[in-house]
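So you can see what is in the structure, the chains are spelled out below.
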Amino acid sequence: MFLAMNEQHELINAKEATRNQKFYCPACKQSVQLKRGRHKIAHFAHLQNQACDSFSEGETLEHLHAKELLFNWLKKQNYPVELEAYLPNLKQRPDLLVAHLAIEMQCSPLTISRFIERNQGYLSHHYSPWWLIGSKLQPKKHQFRSLVKSMICYHPLADFYFYGFDEKQQAIIYYGNICWHYRKGYYYQSYLFPLQSCSLTTVQLFCPKKLAPFTWKEIEYRFYLQHQLVNQRPYFISLQEFCYLHHQNLLNLPAWCYQASCYQVLFGHDLLILRMLYLQSVNFKQWLQLLKSFPFTWEYIFLNQAKFLVSIYEECKKLSEKIRD
Ligand SMILES: [Zn+2]
């Protein structure tokens, strides 16, 4: 953290702090140490093994540097940016606050429950959280960490996206055009916004052109599923067991059930089950009722689940009717 309280209860920036003084964490009030040296970014740190809710992540150099870069960037654009502003109603402290925009730079793993809690705090007090992931959390080999998945946002013109920050290149990263393929997982394109040449509005209004969605042959997806079952992959076996409960077979659904869809970004192979349950229901209400028996997780805090379920139901209707024609 950059700001700590001195004994006179004044907030002091680590850059201007004088040594031989006592400093305290503004959130948990425990004493903190001033860290400053030739090769260090001046900051305050809790003593090891001190628990603090507001600064729980043990700030890395990357985090401190990113926070500083973003602060200067916003200041240069004349935004009323506040560093580590403490929001007492929420007992939360975003890295940066610009009016009602709470900016959080996430450099290390955080549990989903904690992530959801923090966002609920913001949203219920009319703050819009904006999360940027650091290098450790960047997607690797077509896989997204659950925490990153839960940061996915949606815009009808751009589909799914989330943000990151590249501290070395001093640039905001927009991860967009996210799609999913049954074989490998996620595909995406990243767009770099160097702080030097881009404004906050440029970043926020950015909307990449939609790419043509994936397509594949139904039979190939079915063959892939068969292969997973032969190899006893537990996840696929559980899907098959769920199908059996409904007198269906994962490998024997109507062809349209295996078609590619943008909603696989959210559900992956689970979309097969949503489609299978469509076959079992006469209307939307009954489908929703059946869905309750399927233990899918929904950790997309920024997405409206009800709306997406309506769209998925509509898609099932369209795909199944198309095949029938
Ligand atoms: Zn603290």
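Note that the structure is predicted; figures quoted are calculated from it, not measured.

With that settled, consider the overall build of the protein. Of the regular secondary structure elements, the protein holds ten helices and 13 strands. C-alpha atoms of the protein, sized along the principal axes, occupy 75 × 40 × 35 Å. Looking at the 325 residues of the protein, the share that counts as buried comes to 29%.

What follows is about the UniProt feature "domain: Competence protein CoiA nuclease-like" (unreviewed entry) in the protein. UniProt records the feature "domain: Competence protein CoiA nuclease-like" (unreviewed entry) at residues 59-202, using the numbering of this structure. Along residues 59-202, the helical share is 25% and the strand share 35%, with 28 Å between the first and last C-alpha atoms.

This brings us to the packing of helix α5 (residues 218-230) against helix α6 (residues 234-245). For the pair α5 and α6, the least separation of the axes is 8 Å and the interaxial angle reads 105°. The angle between α5 and α6 places the two elements in the roughly perpendicular class. Between α5 and α6, the residues in contact are L225, Q228 and L229 and F236, I237 and Q240, respectively. Per-class residue counts for the contact of α5 with α6 are four nonpolar, two polar and no charged.

Under the UniProt annotation, the feature "domain: Competence protein CoiA-like N-terminal" (unreviewed entry) is placed at residues 15-54. With 0% helix and 28% strand, the stretch residues 15-54 has end C-alpha atoms that lie 21 Å from each other.

The subject of this paragraph is the domain arrangement of the protein. We note that the domain assignment places domain 1 (1-56), domain 2 (58-212) and domain 3 (218-324) within the protein. Averaged C-alpha coordinates put domain 1 and domain 2 at centres separated by 25 Å. On the domain 2 side, the residues contacting the nine residues of domain 1 number ten residues. Considered class by class, the residues forming the side of domain 1 that touches domain 2 number seven nonpolar, two polar and no charged.

Helix α8 (residues 270-279) sits mainly inside the fold: eight of its ten residues count as buried. Those residues of α8 not exposed but buried are L271, L272, I273, L274, R275, M276, L277 and Y278.

Basis of the calculations
Residues numbered from 1 in each chain as written. Predicted model: local features only at pLDDT ≥ 70, side-chain atom pairs only at ≥ 80, totals over all residues. Helix = DSSP H or I, 4+ residues; strand = E, 2+ residues; numbered from the N terminus. Buried ≥ 20, exposed ≤ 12 C-beta atoms within 10 Å, placed from the backbone. UniProt positions renumbered as here; feature names shortened; annotations may be inferred. Axes fitted to C-alpha atoms, helices over the stretch in contact; angles between N-to-C directions. Parallel < 35°, antiparallel > 145°, perpendicular 65-115°, else oblique. Contact = placed C-beta atoms within 7 Å. Nonpolar A, V, L, I, M, F, W, Y, C, P; charged D, E, K, R; others polar. Domains from an automatic or database assignment.

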